[in-house]
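Coordinates in review
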Amino acid sequence: MDTDFRGDRDHHDGTSDATPGGYPQKRRPGELGFAAFLSGASLFLLYSAYGISGLESLSAPGAVPMATTLVMAVTALLITLRTAQQQRVTSETLAKDILPGTVVMFIGFLTVFGVLLQPLGFVLTAALFLLVSIKVLARKSWVYTIGVTIASLVVIWLIFRVVFTVLLPAGILPEAEFIQLFRNLVSGAA
Amino acid sequence: MNMDTLLALLTVFTQPQLLVLVGIGTFAGIYIGAIPGLSVTMAVSILISFTFSWDVYPAISLMVGIYMGGVYGGSRTAILLNIPGAPSAIATAMDGYPMAQKGEAGQAIGVTTVMSFFGGLIGILVLAIAAPFVSDFALTFQPRDYMLLAVLGILLVGSLSSGSLVKGIFAGAFGIAIGTVGRDPLTFTERFTFDLQIMEGGISFIAVMIGMFGVSEALLQLQNVTMKAVRQKIDKIVPSFGTIKKYLPLSLQTSTIGVIIGALPGTGGDIAALMAYDHAKRVTKNPKVPFGKGAMEGLVAPETANNAAVGGAFIPMMTLGIPGDAVTAIMIGALFIHGLNPGPMLMVDQPDMFWFIVGALLTANVFMLLFGLTGIRIFTKIVEMPRSIIIPMILLLSIVGAYAVNNSITDVYWMLGFGVFGYFMRHYGYPLGPVILGVILSRLLDDNWRRAIISERGDIGRFFEGVITSPLSLTLFVAVLMIFISQTPLWATVKKRLFRKAES
């Protein structure tokens, strides 16, 4: 094994924590495109950084942005060049190893989550999200899925509202009234 | 040590609430560190937003516990399942798993726990002794020194955490650029806002962190949902005093390695553990069991080193405001949010804060020992929790975490964007640590660069004159240069020659 290489050897074994994957000598599907995208984006940002204060002085507000975007552009171009010279990994495809359907689907789920969060409220959106994603991932019966969803939702909701007192969008569910009702019950019983 | 210091150190013990929080944090940290796919960086970055409304002491207590427990927790799964729960436990798996296969899992866990405690203790001691000196020394730093130190930290993370330095530099520069978005705090000039109002306040660094370490990791995990765990038989856990005494000399050496590596800006527990493992292999002449087949030395070395690195990593973080690794970068973010400004002035203005953190670390270390030697049977059950439930939970927590800080949906979208971007970065071998370091250090770097250059009246020649005439600046500057030179073909030839000479 290449001593410089600390990525995962057999496809993301769950150990990654800012430890990158990739191959030291070969390029994965889409890697060249990604590098080219980074180069383009960096050049655009460099142009934008130049627009902040131009080459006015070294202590101008645009100085550090220009320096960093210049570094980004140079390194991204260098990476693109190096990547272009490498051979492709033949055993992998973009659709299977880099961006499989599940991942695309989950990016979609998360986007929808963001859209629905404020109008629907946290509890309903989260319930919907957990229900769909656990069903998709676990492929078990609806009884199992609904049971797990409700159990995890209750735990999360209790932790957020009670332990961390995080304010979450209430949406259409009368959450505050429910909490009040619960409080009344408890104080009534005491 | 005067009375005030001692009182600050004991804050944790005088307030039961804090003690409980450190305990909960450590306990949770052990499990988070152990469950593959959950990481300490992920947990702490999500927690920042949830503890946002808390007082600073309770928030720090919880996070310190998670950090300490998490570094240790990775070893459990490394031993039991051959899957390091955290990168700092990669070396632990090499000898820990073979021991478990031979039915010595309990013994392996026992020794690992005690040695982690020992390493952690040494790290904290060094932190307590060294930090005040470093902080005194740091008061003499010029703005240019801070700037150079920040650059050095980002470069080190970039060069050591992965194979490709160029990718690391790109990641670091990208992080700094993210940090400059919004209105410039000094002149109020808009930077990278593209005339959009939502960009004026800048990009929330918490959204960046959660995206990079929470969402991207969870997306990556989607590709191996159906991983099965292997059960191990657990025997006697608490190791005998004789065993501990036998490995004491080695553990002292590897703890020292851990503290030093941890204290270097940019290097953390994972590198310390690998270096300590290497060291153990070199100094152990006749191991009872060969390395890689279940040698006890192969467990002692990385585990003492990675826990010693925790104390070490706090030294540059608390005294210079320069994080030692991704987790400490996030800890700095947490301190920022609570209105604290890590750096030499912290030790002058709020020494209590420093001693409180030392006390919390010590407590977390003791809790780690307690929880480490108990509850292994329940542990194996929890670690086997199906990923089809864990992944949706991580994603849910990430969204809520990003939303909670500013109650803003925009932050959720930033987080998603950085999550997807980080996902591709992971796939293509770009390290994420430098991005976070860049974001955190951006302000410090920008401020100090401008201060340095203004004090030289905008003359770059005079700036370099200043660098060359000050021993400290020169050392830092040479170190930065060395990292670049080490990546050029020139260095490879020089290294080859040197090594050939050494061998002959």
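Residues numbered from 1 in each chain as written. Chains lettered and ligands numbered in written order. Predicted model: local features only at pLDDT ≥ 70, side-chain atom pairs only at ≥ 80, totals over all residues. Heavy atoms only, no water.

**A word on the overall build of chain A**
The helix and strand tally for chain A stands at seven helices and two strands. For chain A, restricting intrachain contacts to residue pairs at least 6 apart in sequence, the fraction spanning at least 24 positions comes to 54%. By element, 69% of the accessible surface of chain A is carried by carbon and sulfur atoms, the whole surface being about 10200 Å². (Helix = DSSP H or I, 4+ residues; strand = E, 2+ residues; numbered from the N terminus. Contact = heavy atoms within 4.5 Å. Areas by Shrake-Rupley, 256 points an atom, 1.4 Å probe, with all protein chains shown as cover.)

**Remarks on the overall build of chain B**
Each helix and strand counted, chain B has 23 helices and two strands in total. Its C-alpha atoms give chain B a radius of gyration of 22 Å, near enough to 23 Å, the size a compact globule of 504 residues would have. Along the first, second and third principal axes, the C-alpha set of chain B runs to 70 × 60 × 55 Å. Of the contacts made within chain B by residues no fewer than 6 positions apart, 79% connect residues no fewer than 24 positions apart. Put simply, chain B shows about 18700 Å² of open surface, and 66% of that area lies on carbon and sulfur atoms. Side-chain charges of chain B comprise 31 positive and 27 negative groups, with the mean position of each set lying 14 Å from the other. (Rg over C-alpha atoms; globule rule 2.2 N^0.38 Å. Lys, Arg positive; Asp, Glu negative; His and termini not counted. Charge placed at Lys NZ, Arg CZ, Asp CG, Glu CD.)

**Some remarks on the pattern of salt bridges**
Under the definition given, this model contains 13 salt bridges over all chains. The partner of Glu92(A) in a salt bridge is Arg28(A), with the nearest N and O atoms 3.0 Å apart. Taken together, the residues span a long stretch of sequence, with Glu92(A) in the loop between β2 (87–88) and α3 (94–98) and Arg28(A) in the loop between β1 (26–27) and α1 (31–53) at a distance of 64 residues. For Glu92(A), a relative accessible area of 3% corresponds to the buried category. For Arg28(A), a relative accessible area of 3% gives the class buried. Here Arg183(B) makes a salt bridge to Glu190(B), at a shortest N to O gap of 3.1 Å. Arg183(B) sits in the partly exposed class, given a relative accessible area of 29%. Salt bridges sharing common partners tie together Asp184(B), Arg191(B), Asp446(B) and Arg450(B). (Salt bridge = Lys/Arg side-chain N within 4 Å of Asp/Glu carboxyl O. Buried < 20%, exposed > 50% of the residue type's maximum accessible area, 1.4 Å probe, protein only.)

**A word on the nonpolar core**
Phe122(A), Met212(B) and Phe314(B) are the most contacted members of the largest nonpolar core, which totals 173 residues. When residues in this core are grouped by element, the largest group, 13 residues, is from helix α18 (residues 387–406) of chain B. The residues contacting Phe314(B), other than those within four sequence positions of it, are Tyr67(B), Leu127(B), Met331(B), Ile357(B) and Leu361(B). With 40 residues, the next largest nonpolar core counts Met99(B), Ile237(B), Ala272(B) and Val300(B) among its residues. (Core = buried A, V, L, I, M, F, W, Y, C linked by side-chain atoms within 4.5 Å.)

**Observations regarding the interface of chain A and chain B**
Each partner contributes residues to the interface: chain A has 80 residues there, and chain B has 83 residues. A buried area of about 6700 Å², summed over both sides, lies between chain A and chain B, and 74% of it is on carbon and sulfur atoms. Considering only the surface of chain A that becomes buried against chain B, Phe34(A), Leu58(A) and Phe164(A) emerge as the three largest contributors, covering 9% of it. If you look at where chain A meets chain B, you find one salt bridge. With a closest N to O distance of 3.1 Å, Lys167(B) and Glu31(A) form a salt bridge. Linking chain A with chain B are nine residue pairs in polar contact (both at pLDDT 80 or more). Looking at the side of chain A that touches chain B, the elements with two or more residues in it are α1, α2 (63–85), α3, α4 (101–120), α5 (122–138) and α6 (142–163) of chain A. (Buried area = accessible area lost by both parts, 1.4 Å probe. Polar contact = N/O pair within 3.5 Å; in protein donor to acceptor, adjacent residues only side chain to side chain.)

**Some points on the packing of aromatic side chains**
Tallying each qualifying case throughout the model produces 26 aromatic pairs over all chains. Between Phe34(A) and Phe421(B), the aromatic rings sit 5.6 Å apart at their centres with planes inclined by 45°, giving tilted as the arrangement. Taken together, the positions of Phe34(A) in helix α1 and Phe421(B) in helix α19 (residues 409–427) put the pair across two chains. As far as the burial class goes, Phe34(A) and Phe421(B) line up, both buried. Seen from their ring centres, Phe354(B) and Trp355(B) are 4.9 Å apart, and the 80° between their planes marks the pair as edge-to-face. Summarising the burial analysis for this pair, Phe354(B) and Trp355(B) share the class buried. Following the ring pairs from residue to residue traces out a cluster consisting of Phe34(A), Phe170(B), Phe174(B), Trp414(B), Phe418(B), Phe421(B), Tyr423(B), Phe424(B), Tyr428(B) and Tyr430(B). Across the ring face of Tyr144(A), the terminal group of Lys140(A) is positioned such that the distance to the ring centre comes to 4.7 Å. It is Lys167(B) that lies over the ring of Tyr430(B); its NZ or CZ is 5.0 Å from the centre. (Phe/Tyr/Trp six-rings, centres within 6.5 Å; stacked < 30°, edge-to-face > 60°. Lys NZ or Arg CZ within 6 Å of the ring centre and 35° of its normal.)

**Digging into the environment of Met212(B)**
Residue and element names in this part refer to chain B. Its location among the elements puts Met212 in helix α10 (residues 205–221). The exposure class assigned to Met212 is buried, which follows from its relative accessible area of 0%. Along the primary structure Met212 and Phe418 are separated by 206 residues, whereas in three dimensions their C-alpha atoms are 5.9 Å apart. With near-sequence residues (within four places) excluded, Met212 lies in contact with Phe174, Glu217, Phe418, Phe421, Gly422, Met425, Arg426, Leu432, Val435 and Ile436.

**Things to note about the environment of Ser164(B)**
Structurally, Ser164(B) is set in the loop between α8 (143–160) and α9 (165–180). Distance in space between the C-alpha atoms of Ser164(B) and Tyr430(B) is 7.9 Å, their sequence separation being 266 residues.

**Some points on α9(B)**
Residues and elements named next belong to chain B. Helix length check: α9 (16 residues) gives 23 Å between terminal C-alpha atoms against 22 Å at 1.5 Å per residue, within 8%. In terms of residue burial, α9 counts as a mostly covered element, since 15 of its 16 residues are buried. Remark: Gly182 follows α9 within two positions and exhibits a positive phi of approximately 110°. (Expected span 1.5 Å × (residues − 1).)

**A word on the side chain of Thr75(A)**
Along the polypeptide, Thr75(A) turns up in helix α2. Look past the residues within four positions of Thr75(A) in its chain and what remains in contact with it is Val166(B), Ile169(B) and Phe170(B).

**Considering the confidence of the model for chain A**
Reading predicted coordinates in detail is not appropriate for stretches of low pLDDT. All names here are of chain A. Across chain A, the average pLDDT comes to 81, with 86% of residues at 70 or higher. Element-level mean pLDDT values for chain A span from 72 in helix α7 (residues 175–189) up to 94 in α1. Predicted confidence is poor over residues 1–20, with pLDDT under 50, and the contacts of this stretch with residues over four places away or in other chains come to 62 contacts. (pLDDT = per-residue confidence, 0-100.)

**A closer look at unusual backbone geometry**
Residues and elements named next belong to chain B. Positioned with a positive phi, Phe188 is a non-glycine residue whose angle comes to about 70°. Structurally, Phe188 is set in the loop between β1 (182–183) and β2 (190–191). Phe188 gets classed as exposed once you look at its relative accessible area, which sits at 56%.

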